[in-house]
Each structure stands twice: as C-alpha cells, then as structure tokens.
Amino acid sequence: MDKQTTPSGKLQILVVEDVADDAIIMIDYLEDSGYQIHWQRVCSAAELNQALNHPWQIVLSDFTMPGFGGLQALNIIRKHDPDIPFIFVSGSMGEDHAVEAIKSGAQDFIIKGQLRRLLPAIERELREVEFKRAQRHTQQLVKQLHMAVEQTADSVMIINAEKKIEYVNPACEQQSGYSQYELLGQPDTVVFTDNQHRQFHQQIWSTVEQGETYIGTLLHPRKDGSHFYQERIITPLKNDDGIITHYIATGRDITQRLKAEEARNQLATILEASPDFVTMMSPQGRLTYLNSSGRELIGIGLKDELKDKHITDLFPRPIAQTLISKTLTIVNKYGAWTGETTMMNSNGSNTPVSIVMLSHQDKNGDVQYMSMIARDISERKHFEEEIHYHNTHDSLTGLPNRILLLNQAPAIFNKSQNLGKSVAVFSLNLNNFKRVNDNLGHANGDDLLQQIANKLSHCLWPNDIVARQSGDEFTILASELKEAEDALKILKKIQLTFKHPMRIDAHEFYITFSTGIALYPNDGDKIEGLLRDADTAMHQAKKAGNSQYRFYEAQMNARSHEILKLEADLQRALDNGEFLIHYQPQVDIKNNNVIGVEALLRWQHPQRGLVSPAEFIEWLETSRLIIPVGEWVIQQACVLHQQLCKLGFSDLRISVNVSALQFAENEFLQRVQNALKSFNMPTNVLELEITENIVMQDPNSTTELLIALKELGVRIAIDDFGTGYSSMTYLKKFPVDILKIDQTFIRDLDKISNDAAIVEASIYLAEKIGLETIAEGVETLGQLAFLQKTGCHIIQGYYFSKPLPEKDLLAFITKGVN
C-alpha cells in the first residue's frame, strides 16, 4: 500500500510506553519497513494530555505501566479524538485484558516480540480512519444538500419515469398550497391549469424525455383555485446506463416580478381599496398621504387637508409619547420597525393593530419619507384569547388546568408571604367515580364532574383557585390562611357543600373525597413540590378509607421514594426473571391423596434473597405490574401441568390467585384463554381464586365474567372466605365451585369458639349450596380432626407441607402423603 503520511511526509506516531527501549524497537521496526516517522514517547497522563496538542495519526500504547495504565491512556485519547486509531503493544496483556481493551475502544492489541502484526495493523487502521472521515464528510455533504433543498425558497419536485410525483420540498408546498401528502403519488398534471391543455403538456415532456432540459414560464394553480407564475426548469436524471429514471423540476415564483409594472400602475387604486390603514409621512412624522381606510378610521374626509396631522395624533397619549421618543428614531436609524399596538378610532375607542413602519431613502441614502401600514387584528386577538383560555382551562369543567395553576401559584405565594400568611394546597380525589362511568356511562360521568366543579368553585373565596388535574382529581389553592387549622375549616366547608346527594339521570350519588393537604411555606415554596406533596398525602388518606384527609409529612416523601425504588426493582424482577413459584399441596384426607396445588408467588431478590409476597404484592398492584406478573403465573401453572402429566398426575388441579386489577381488566378472559390454548392445558385443571371483596365490588360485572370463565371450563374458588362482606344471596347466584376458609379462622379453632362456629357454619353453607370447601393454614392435628369431623376433607397447610419449589413438589407428589 502507499505509505500514509502527513503533508510533512512523516507518519505521526504517539507512543505511550514507560520503557524507552521498547518504544525505540517499535519505531526502528516501522522505519525498517519503509516508513518515515515523527514520534514522541510519553509515560504519564500529564505528558499524554500535553502531547495531544500535536496532530497524531495513530497511538501505540503499552497496557501496564507504573502509575499509569493503558486503559487510562485509551480513555484520554477517546475523549480527545474518537477517531485516532489506538493499538496496544504489550508483553503482559492477557486474553481478558485484551477483550476489555477492545470493548473500551482499542482497535487491536499486539504482543511485544511479535511485531510482524504491527505493520499490517497500523496500515489497516490508517485506511479505516480515512474511510470513516471520508464517510462522515460525505454524510455531512448529503445532510447539507438535504437542508439546502428543504430550505430553499425555490420549489423542488422529483417525478418518476411514470410521471408520478415522488418528492416535494416545503417551498413547493407553500407555493402550491398542497401538502406533501396530497401531492405524492399524483400525476404531474395536478400542477397544470386548464388552459395548459394536453398538447402543451405533451410538448414539455417530449423535450425532457429526449434527455433535454426544459426551461419556461408556466402558470400554476394553487389548491385554493388561485394561480401564480413560475419559472420552471425540468431536468431528466439518468442512471449509469444512460436511462432516464427520474425528472427534477425546480420552480421560482415570479408572479411579483411579472406583475411589478402592473402593480406600480395600480398602486394608488390598491392602496385606496385596501382595508388596511396605509399612510406616508415626512421623516419628522407629518402625514403626507392617508388611504381611505385610514381616513375612515380617524374621521378625516377625502378632501380634508393632512398638513396639520401628525402620526402621533393616531395613537393614545402614552403610546404616542413612546412613538415620538423611540419608534420614529428606530425607523430613521435602522429603516424599519414592526410591532403590535393600539390606534384610536374617531369615536374615541381603541383598536388593536399590527404595524409595519418603513423609511424610504433617496439615492444619497438620506431618509426621503416614511410609510406605515396598520392592520386591524381584533379578530386575531380574540382568537388568541380563546386559544389561551383553552390552553389554560379544562375543556369539560371550565376550571383552570395544571398550566394555569402553575402560572398563577407564584403570585399567590408572594402575596401571602408579604401578608405573613400561608397557602394550603389541596389534592382531592373523587371516591368511587369509576362506578359512575362503568354503570351510567361517560356522558353521565362528565355531567357529574361538571356539577362537582361548579359546587367547588362556589364554595371558596374568589382569590382561591380550583383546578382540575385529571379525570377524577381536583386541586385547590386556598390563600391568605392565618394558621394551618384554617385549611380544615375550608375542608369542612367542602364536605358540607357535598353533604346532600347529587342527582344524575334519576340516580343519587353521595360525593366524598380523599384529600391530601400541603402548606406553603411550611412544606415548601415551589408549586410543583407542593402539588407532589399534597398528592402523596392524598394517597395516604385514600388508604385510610373514603372521605379521609391527611396533612403532608416529610416521612411520606421518604416512603414515596422507597416505593418508587421498590416499583423499579419489581419491574427489573419481571424483566430479569427473578420471580418464581412455590406450590402448596392440597390433600384429600379421605384417602390422603394430593388432589391439587396452589401457586404462590415468590421473589428471588439478588441481594435480599427470597422475599415474602407480603412485602411486594401490594406494590405490584399499585404499579399495575400485577397484570403481566399474574399472566406469567397462569402460564407457569400450565408449565407445571405439563410436568405433572409426565408423572401420571394429569388430573391434579392447579390454583392461581387473581388480583382485583387482573379481574377488572377487559383482556383478562382472553389472557386466560390464550394461556390454556398455548400450553394445550385442559380447562378444568385450572382453578382461579378470587377474594370476596373482588366479587362484591361490582356483582353484575363479576357474574358475567365468572359465567364466561365457567363456560370456558375453568374452576372458580372464593379465597379467604369469611373475611369479606359477600352477601349470601349473591354467593348463591355466582357460578362458584369452591369456598376456601381463611386461615385466620383455622389458627385458633381450639381456643376461640366464635372461630369454630364460623368454620362450621361455612362448611355447612358450602355443602347446602353444592360447593367444595378447602381449609387453609392447617398446622395441627387438632385442627385437622375438627375439620374432618365437620365435613371438610380438603386440607392445605403446613400440617402436610409448606409451599415447595417445583422440583420438591414433584418429589412430594410422587412419594405420596404419609
């Protein structure tokens, strides 16, 4: 290959080496190979940084040096120039270090004493860096060309061989009025007017199809029906074989140029017909011309003289003073001024206008006269006010939105601070609003929100702000409070406002809020932080029950951070496969056979080890990760069934717990169907456990879903029976197979007679309505004997087995119950 050198004729090599002899050996080897070399040896970070002022072509570095490592040198080089080739030449570089070096950005590594690879490596990397730089230069040129085409004022259109439009630039869109998407794929005739008939169109194409360039002036239509003159150039583009593949058409709007003379002749007429205010004046501001619109605006007749009229007579006094002191000076000095201001009408009212004021110079550069055009922008101002309103207010309720709240809060805070008073930030979450939407529809839900917004607005002081944050959340800024207790008075007033039920579509609803309160300046002085604090307090209040409130406390924020970290850890656990399943056997004590298992989720944390579900299930639900995790658990149950089939236990049913979020999800039924189909699992083997509280949240919807699951063949169990609030009437109607008696009643069977009575009644009830019963948490022989006596024969608990990993479970089932 040609020797790659700098203009000075020498290859520029920087050597990072603590042993001078080793460096000299490398350089001698390269010079013996025919290179002329300029080189420098460094052996410390300071020397390396100083040497980088020179334009080196390549860096050769030892890997291990006293007080200075090769990787450190590589890091310094990469920060300076990511393109400089970097090759390690070392005698103590193992395979692991070599891999690490390449990952860190080194191009190669050479073993000292084996320098025969050095020359090819240097030549390869010099070629590669030149290629990269050339490629980057080419990409930059392409980018600049694209920018030029996109930003040019001339229209650019690319047409394929079928005369269909493939590309138009923004100038083409602007000139024609058509968008890119309206033009792409259309025939080029879309840009020709009716009077440019087919024969004329064919003449143009006969020219360019012969490989010649067409240059001419065309009259083009705009989308709105108007026309413009364009100087058009159409050039054929040929491939390497000389075949025309595309045509590029460029055009310049020359309408103004062609009409300039006509415009000059008609200028006076145009000015008089213009609805805009047009005037000319002396450099001192004395009016010399005023068009009809201008005369009408200020009440001057067509024959009235203008000699006594000054530009300042057209504006209110404060604006006129500014005009004299600043604007006219700017126009005379710089030639132009644009802006928006207010002009006076003849009736004394004011009109918002957009103004362009220009100075016109003579041949000597002196200001000869000035002109001003003013346009009435009343409609635009009104439209802008409407846009501003919509941007800062909730479209449904008309309340301020978050944007307006954030904008107005600082002024409220400053005012309260100056008065030595506080501001309360309330975060109100409407309880059970989802039921309204689900049962009565979103239209009635919107109606209810509008009524609530109206009531909130009317129960507060005018200086307070009520804003709607999201669907069922409102925010209140109550200012000028003397003490924190005043916030509770406001809250009491809100509660009294909603004391009586509200009616929607013949239905009555009692409105309650979960409320969080943060105080300025006690809890912070920034509105974003106070909103976050109030929201944190609101969630604490929501956990305490409906119609509760909580003041923000600092530890809530710390807990919020803990929760955020936990939720992030849970997401990582799902991504990294840290979740696992333990299975607890269910034994029929009539024959001591295992008839089923319950799948119980566990978390194998990389640092904390096996984590109990009590520590993370709640946050899986809060973060909605319970939905993908729950789907995964059902899939794992299907996998277990495949293993059981291999051992001859294909009839063992597998029970999976279902959370309220999973059950309420629209796709839940489909997810179950997909899992069963994917693993070819018999539907009657899968058993889904739901709690009483899930069942009773929406009995009608629950019944529909349970029926669908039953029709699918899936078994349904009511988990933790006795701890919830289910109605016996509903329970009888639900398509349920099993009642699982909660372990809290089993635990103290021999100590608390009430627990024994509840267990006995539950077993009797289940038997009467044709349901199986399973007792959870059975640990002692006494508990077992009581359950057997009262007719409960399916037992789950530590008496037989703790929850087991899959391998241990299969061994337990194979061995059988002793």
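Analysis parameters
Residues numbered from 1 in each chain as written. Predicted model: local features only at pLDDT ≥ 70, side-chain atom pairs only at ≥ 80, totals over all residues. Heavy atoms only, no water. Helix = DSSP H or I, 4+ residues; strand = E, 2+ residues; numbered from the N terminus. Rg over C-alpha atoms; globule rule 2.2 N^0.38 Å. Buried < 20%, exposed > 50% of the residue type's maximum accessible area, 1.4 Å probe, protein only. Contact = heavy atoms within 4.5 Å. Areas by Shrake-Rupley, 256 points an atom, 1.4 Å probe, with all protein chains shown as cover. Lys, Arg positive; Asp, Glu negative; His and termini not counted. Charge placed at Lys NZ, Arg CZ, Asp CG, Glu CD. Pairing = 2+ DSSP bridges. Phe/Tyr/Trp six-rings, centres within 6.5 Å; stacked < 30°, edge-to-face > 60°. Lys NZ or Arg CZ within 6 Å of the ring centre and 35° of its normal.

**Comments concerning the overall build of the chain**
Consideration 1: For the chain, the count of helices and strands is 29 helices and 31 strands.
Consideration 2: Computed over C-alpha atoms, the radius of gyration of the chain comes to 42 Å, more than 25% over the 28 Å expected from 2.2 N^0.38 for 818 residues, which places it beyond the range of a compact globule.
Consideration 3: In terms of principal-axis extent, the alpha carbons of the chain reach across some 120 × 95 × 70 Å.
Consideration 4: Relative to its full complement of 818 residues, the chain shows a buried share of 43%.
Consideration 5: By sequence separation, contacts in the chain at least 24 residues apart represent 58% of the contacts at least 6 residues apart.
Consideration 6: Summed over all atoms, the accessible surface of the chain reaches about 43,700 Å², with 50% contributed by carbon and sulfur.
Consideration 7: Mean positive and mean negative side-chain charge positions of the chain (79 and 105 charges, respectively) differ by 3 Å.

**Quick look at the environment of V685**
Consideration 1: Within the secondary structure, V685 is located in the loop between helix 22 (668–678) and strand 27 (686–691).
Consideration 2: Residues V685 and N431 lie 254 residues apart in sequence; the distance between their C-alpha atoms is 39 Å.
Consideration 3: Those residues in contact with V685 that sit more than four places away from it in its chain are H641, S650, L652, R653 and I654.

**With respect to the pairing of strand 29 (residues 738–741)**
Consideration 1: The two faces of strand 29 match: I738 and K740 on one face and L739 and I741 on the other face are all buried.
Consideration 2: When strand 28 (residues 715–721) meets strand 29, the two strands line up parallel, connected through 3 bridges. Counterpart to A717 in the pairing with strand 29 is I738.
Consideration 3: Direction of pairing for strand 29 relative to strand 30 (residues 772–776): parallel, over a ladder of 4 bridges. For I738, the partnering residue across the bridge sits in strand 30 and is E772.

**Observations regarding the packing of aromatic side chains**
Consideration 1: Going through the model one piece at a time under the given rule, you end up with 11 aromatic pairs.
Consideration 2: For the ring pair F579 and F616, a centre distance of 6.0 Å and an interplane angle of 40° mean the geometry is tilted. Highlighted residues: F579 in strand 23 (residues 579–588) and F616 in the loop between strand 25 (609–611) and helix 19 (617–622), separated in sequence by 37 residues. Residue F579 shares its accessibility class with F616, and that shared class is buried.
Consideration 3: Ring geometry for Y799 against F800: centres 5.1 Å apart, planes inclined by 90°, an arrangement best described as edge-to-face.
Consideration 4: Since its relative accessible area comes to 32%, Y799 is described here as partly exposed.
Consideration 5: Through successive ring pairs, a cluster of aromatic residues spans F63, F86 and F88.
Consideration 6: The cationic tip of K493 hangs over the ring face of W461; the distance from NZ or CZ to the ring centre is 5.6 Å.

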